[in-house]
Amino acid sequence: MPTHHKLIIGNCMSMEEIEDNSVHLMVTSPPYFNAPFDYKGLFKSYGQYLGVLRKAAKEIFRVLQDGRIAVLNIDDMLVNGEKFPIVADATKIFQEAGFRYRDRIIWKKPDGYLRISRRSGVILQNPYPMYFYPDNLLESIIIFQKGKFNYKSISKEVREYSKVNIKELQNNKWYMTLWEMTNVLPGSNLEKDIAAFPEELPYRIIKLFSYKGETVLDPFAGSGTTMKVAKILERNSIGIEIKKSLVPIIREKMGLGNNKSLFDTESTFKVISREKVKYGYIS
Ligand SMILES: C[S@@+](CC[C@H](N)C(=O)[O-])C[C@H]1O[C@@H](n2cnc3c(N)ncnc32)[C@H](O)[C@@H]1O
């Protein structure tokens, strides 16, 4: 099935190019507040960071169709010994934007797959009380819904065509609130310096919460993982990314790099570049 993909280069605090009630699923991983690798010093304050999330949440609510799902992959962030309760704050922000908080899944990474420093090393160096800092192997996947879904709005044909493979669901334990998935390590080819999530994450979410031919939005597109998986799963996609420099990476991921044969001729990929895009934030 040909699919259509739009990449907007701009700040997702506004989604002016996207019509009201036109998106069927939102799945994203917002930037981490002050993560050492990617965004150190990017936000002046935690309040400013939450301000970005608040504006994005309002826009996500506006563009999503009634009954549809918004998924955030997010986690609390430790900065200079202080943990910022991002999961709780983002949940509140999405509720205030009008969403119903529907579920929380914990993503567990394999032991030894840490992306950031090994904090447990502190007590190994100083085996005394008060030196304990655990390694974090978990992230949250929080799921929100805009109103109630009308199951009758989907034709029988599309419903059957998008059927969830129960064997796949059972074998990989998608039915639990604990998802064990391997994360992308920094330095991986197309995800260098981008806190990319593994394809497995949007793969599960897209299969579980959208029908074939529908449109999936990722407002913090990064390397374009969601857009790539949406295409593979025969969904259209819209990505928003503030960093213009990621366009070639996203094109490559979508199969539009040197080896264009990965992108079928009937599908389309369009880049919309807003004028005066700055890599900055409005507080
Ligand atoms: C955690 S990364 C997303 C990674 C993505 N899930 C992937 O698999 O590659 C967050 C991305 O959001 C972008 N970003 C940060 N603030 C933004 C904003 N206000 N609007 C749009 N993109 C933004 C960053 O440049 C970064 O690429």
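Residues numbered from 1 in each chain as written. Predicted model: local features only at pLDDT ≥ 70, side-chain atom pairs only at ≥ 80, totals over all residues.

Enquirer: Would you mind going over unusual backbone geometry with me for this structure?
Expert: The general pattern is negative phi for most residues beyond glycine and trans for most peptide bonds. Backbone geometry places Met130, a non-glycine residue, at a positive phi of 80°. As for its placement among the helices and strands, Met130 is situated in the loop between α3 (121-125) and β7 (138-145). The class for Met130 is exposed, based on 7 C-beta atoms found within 10 Å. Non-glycine residue Glu234 carries a positive phi angle of around 60°. Mapped onto the elements of the fold, Glu234 is located in the loop between α7 (225-232) and β10 (236-241). (Helix = DSSP H or I, 4+ residues; strand = E, 2+ residues; numbered from the N terminus. Buried ≥ 20, exposed ≤ 12 C-beta atoms within 10 Å, placed from the backbone.)

Enquirer: It is not clear to me how the packing of helix α6 (residues 200-209) against α7 should be interpreted in this structure. Could you clarify?
Expert: Working note: a packed helix pair is described by the angle between its axes plus the distance between those axes. Between α6 and α7, the least distance of the axes is 9 Å, while the angle of their chain directions is 50°. Comparing the axis directions of α6 and α7 gives the class oblique. The hand of the α6/α7 crossing is right-handed. For the pair formed by α6 and α7, the contact residues are Pro202, Tyr203 and Ile206 on the first element and Thr225, Thr226, Val229 and Ala230 on the second. Of the residues belonging to the contact of α6 with α7, the class tally is five nonpolar, two polar and no charged. (Axes fitted to C-alpha atoms, helices over the stretch in contact; angles between N-to-C directions. Parallel < 35°, antiparallel > 145°, perpendicular 65-115°, else oblique. Left-handed = near helix turned anticlockwise from the far one by under 90°. Contact = placed C-beta atoms within 7 Å. Nonpolar A, V, L, I, M, F, W, Y, C, P; charged D, E, K, R; others polar.)

Enquirer: Which parts of the structure should I look at to understand the site of the ligand?
Expert: As a structural note, the neighbourhood of the ligand is formed by 18 residues, with Ala196, Phe220, Gly222, Ser223 and Thr225 the closest of them. Taken together, the residues of the shell around the ligand sort by class into eleven nonpolar, five polar and two charged. (Near = placed C-beta within 6 Å.)

Enquirer: For this particular structure, what's the right way to read the sheet that holds strand β3 (residues 64-74)?
Expert: Across a sheet, strands are paired by hydrogen bonds formed along the backbone, either parallel or antiparallel in direction. In space, the nine strands of this open sheet follow the order β8-β6-β7-β3-β2-β9-β10-β1-β11, with mixed pairing throughout. Two strands lie at the open edges of the sheet, namely β8 (178-180) and β11 (268-273), each paired on one side alone. Averaged over all adjacent pairs, the angle separating strand axes in this sheet is 20°, with direction ignored. Note that strand β2 (residues 23-28) and β3 share five bridges and pair parallel. Bridged to Leu25 within β3 is Ile69. Along the sheet, α6 contacts β2, β3 and β9 (215-218); its crossing angle with β2, the most-contacted strand, is approximately 155°. Sheet strands in contact with α7 are β1 (4-9), β2, β9 and β10, and its direction is about 175° off that of β10. (Pairing = 2+ DSSP bridges.)

Enquirer: Can you help me understand the nonpolar core in this one?
Expert: Note on soluble globular proteins: their nonpolar side chains tend to be buried together. Counting 60 residues, the largest nonpolar core has Met26, Ala70 and Val71 as its most contacted members. Per-element tally for this core: the top contributor is helix α1 (residues 46-63), with seven residues. Discounting residues that sit within four places of it in the chain, Val71 has contacts with Met26, Val27, Ile141, Ile143 and Ile205. (Core = buried A, V, L, I, M, F, W, Y, C linked by C-beta atoms within 7 Å.)

Enquirer: Even after reading the chapter, I still don't get the pairing of β1, so can you show me in this structure?
Expert: Every other side chain in a regular strand lies on the same face of the sheet, so the side chains alternate between the two faces. Relative to β11, β1 runs parallel, the two being bridged by six bridges. Its bridge partner lying in β11, His5 is registered against Phe269. Judged from the five bridges that link them, β1 and β10 form a sheet pairing that is parallel. By the bridge assignment, Ile8 is partnered in β10 with Ile240.

Enquirer: Looking at this model, I keep getting lost on the environment of Ser120. Mind explaining?
Expert: Structurally, the position occupied by Ser120 is in the loop between β6 (100-108) and α3. You can call Ser120 partly exposed: it has 14 C-beta atoms within 10 Å. For Ser120 and Asn136, which are 16 residues apart along the polypeptide, the C-alpha to C-alpha distance reads 9.2 Å. With residues up to four places along the chain from it excluded, the contact list for Ser120 reads Tyr133, Pro134 and Asp135.

Treat this as a map of the structure, not an account of what it does.
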